[in-house]
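Structural characterization, general
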Amino acid sequence: MNCQNCNDTGGSCACGGGICSTGIPGRPRLLSVYAPVIYDEIGINICRPVTVPAEVLTANPSAACARLDVIDIEFTESTTDIPGTTVTNTSRANCSTVVLTNVAVTFQVKLFDRCNNYLTSTIVTANYLPGSATSPDVEYQDPETNPESVTIELYTPYGVGYSEATAGSTVINTVAFLPEGNTVTNGINASVVAKAMNFNTATGTFSAGISLFLRTVYYEAYKVAQEGKPIPPKASLTDDQNTCLDFVESGLLSREIKPLELEPPKCEGKLKNAESPCEQVDGNMVVFNKCSCEENVNPCET
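Predicted, not measured: the structure shown is a model, and the values here were computed from it. (Residues numbered from 1 in each chain as written. Predicted model: local features only at pLDDT ≥ 70, side-chain atom pairs only at ≥ 80, totals over all residues. Heavy atoms only, no water.)

Let's shift gears to the overall build of the protein chain. Of regular secondary structure, the protein chain possesses two helices and 12 strands. Among the 302 residues that make up the protein chain, the fraction classed as buried is 33%. For the protein chain, long-range pairs separated by at least 24 residues make up 67% of all intrachain contacts whose partners lie at least 6 apart in sequence. If you sum the accessible surface of the protein chain, you get close to 19,000 Å²; carbon and sulfur atoms cover 52% of it. (Helix = DSSP H or I, 4+ residues; strand = E, 2+ residues; numbered from the N terminus. Buried < 20%, exposed > 50% of the residue type's maximum accessible area, 1.4 Å probe, protein only. Contact = heavy atoms within 4.5 Å. Areas by Shrake-Rupley, 256 points an atom, 1.4 Å probe, with all protein chains shown as cover.)

This is the structure in structure tokens:
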């Protein structure tokens, strides 16, 4: 294609101001992404009894089953009487030692009857790994299922997180569901998955087992293969027919401006130069993962 006429409709090109004036359509073969990458991870299972508040159990006498969602995780700071979780350097520069103790996990406890009908929910906080005689819930300490502490070594080649509020002490970021603790950061990140077992309908007590995961995460730039953008399902707003409706009922808009492929052979960063020669780009859009939606399948049954 001759790019002397930049209104040429036979394809797309980067004339005049280069890509700063006309974006490159299409999709790249590889994407350069800046993503949280897991460098090391490990998990532990611990378990202790938890009891539903008496007033909640009294108000729901048909409760026969409990399920758990983790809302928050908190690592207790060390005090005179209660030790806290610590992260320390080792003699090997690329690793850190984590001593887990006094980890408070806040659950949303959901209660169901024998027919699996939802009844109510309540919030309960339970302390795991009680590290001293004065720790919260120390009566649930068990050397096999809920010991005083657990020591783990993690690969931390780029370092760990630090807290400005506590004079630069090391911290473990928690990934849960409260606004202040639902993101991943550089350093060590903790998350918890919970399971309720052996619910006692008379006392409201059950075994609350948790899998506590520690992951060393760093944001890094990587190249990944991709197969195009996902196509979200689109809701219909009305059954009336008019010009605007034709647009409303049509596909969702998605501009095909692709990221730059900076490395050879394309070196597309050079196209920011207005004097660079034109480069013809295939503007055909390819749709992957097409779904006919002909089968009426309940996703909860698959």
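Take the environment of P179 next. Tracing the sequence through the fold places P179 in the loop between β10 (173-174) and β11 (187-197). For the pair P179 and D72, spaced 107 residues apart in sequence, the C-alpha to C-alpha distance is 9.9 Å.

As for its placement among the helices and strands, S135 is situated in the loop between β6 (118-128) and β7 (150-155). Leaving out residues up to four positions away in the same chain, S135 has contacts with I82, N102, N127 and P130.

Locating T151 in the fold gives a position in strand β7. Sequence-wise, T151 and L100 are 51 residues apart; in three dimensions their C-alpha atoms are separated by 6.3 Å. The residues contacting T151, other than those within four sequence positions of it, are T97, V98 and V99.

A separate point is the pattern of salt bridges. Inspection of every chain in the model, using the stated rule, returns four salt bridges. Linking E153 and R92 is a salt bridge whose minimum nitrogen-to-oxygen distance equals 2.5 Å. On the criterion of sequence distance, the pair formed by E153 in strand β7 and R92 in the loop between β3 (86-89) and β4 (95-100) is long-range, its members being 61 residues apart. When its relative accessible area of 49% is taken as the criterion, R92 is described as partly exposed. (Salt bridge = Lys/Arg side-chain N within 4 Å of Asp/Glu carboxyl O.)

Before going further, it helps to examine the nonpolar core. Counting residues in each nonpolar core, the largest one holds 40 residues, and the members touching the most others are L100, F107, V109, Y128, I172, F206 and L214. Beyond its immediate chain neighbours, meaning those up to four positions away, L100 contacts I44, F75, T85, L129, E148, S149, V150, I152, I172, L212 and L214. (Core = buried A, V, L, I, M, F, W, Y, C linked by side-chain atoms within 4.5 Å.)

For the rest of this paragraph, the subject is the confidence of the model for the protein chain. Confidence in the prediction of the protein chain, expressed as mean pLDDT, is 82, and 78% of residues score 70 or more. Under a pLDDT of 50 for its full length, residues 6-14 has, in the predicted model, 20 contacts with residues more than four places off or in other chains. Note that pLDDT drops below 50 for residues 276-302; the model gives that stretch 30 contacts with residues more than four away or on any other chain. (pLDDT = per-residue confidence, 0-100.)

Glancing now at the packing of aromatic side chains. For any pair of aromatic rings, the description rests on two quantities: the centre-to-centre distance and the angle between the ring planes. Within this structure, the stated rule accounts for seven aromatic pairs. Taken together through their ring pairs, the aromatic side chains of Y39, Y158 and Y218 make up a single cluster. It is R48 that lies over the ring of Y128; its NZ or CZ is 5.8 Å from the centre. When the ring centre of F112 is taken as origin, the NZ or CZ atom of R67, which lies over that ring, is 4.2 Å away. (Phe/Tyr/Trp six-rings, centres within 6.5 Å; stacked < 30°, edge-to-face > 60°. Lys NZ or Arg CZ within 6 Å of the ring centre and 35° of its normal.)

Turning our attention to unusual backbone geometry. Positive phi values are uncommon outside glycine, yet N116 reaches one of about 65°. Looking at the secondary structure, you find N116 in the loop between β5 (103-112) and β6. Classification of N116 as partly exposed rests on a relative accessible area of 44%. Positioned with a positive phi, L129 is a non-glycine residue whose angle comes to about 55°. Turning to its location among the elements, L129 is positioned in the loop between β6 and β7.

The antiparallel open sheet is built from three strands, whose spatial order is β2-β5-β6. With one partner strand each, in any of the chains shown, β2 (65-75) and β6 form the two edges of the open sheet. Sheet twist, expressed as the mean angle between neighbouring strand axes with direction ignored, is 20°. Bridge count for β2 against β5 is 10 bridges, and the pairing is antiparallel. Counterpart to F75 in the pairing with β5 is V103. (Pairing = 2+ DSSP bridges. Axes fitted to C-alpha atoms, helices over the stretch in contact; angles between N-to-C directions.)

What follows is about the side chain of T216. With respect to the element layout, T216 can be found in strand β12 (residues 205-225). When neighbours within four sequence positions are excluded, T216 is seen to be in contact with V37, I38, Y39, D40, L154, Y155, T156, G187 and I188.

We now examine the pairing of β12. Relative to β12, strand β1 (residues 30-51) runs antiparallel, the two being bridged by 21 bridges. Its bridge partner lying in β12, C47 is registered against G209.

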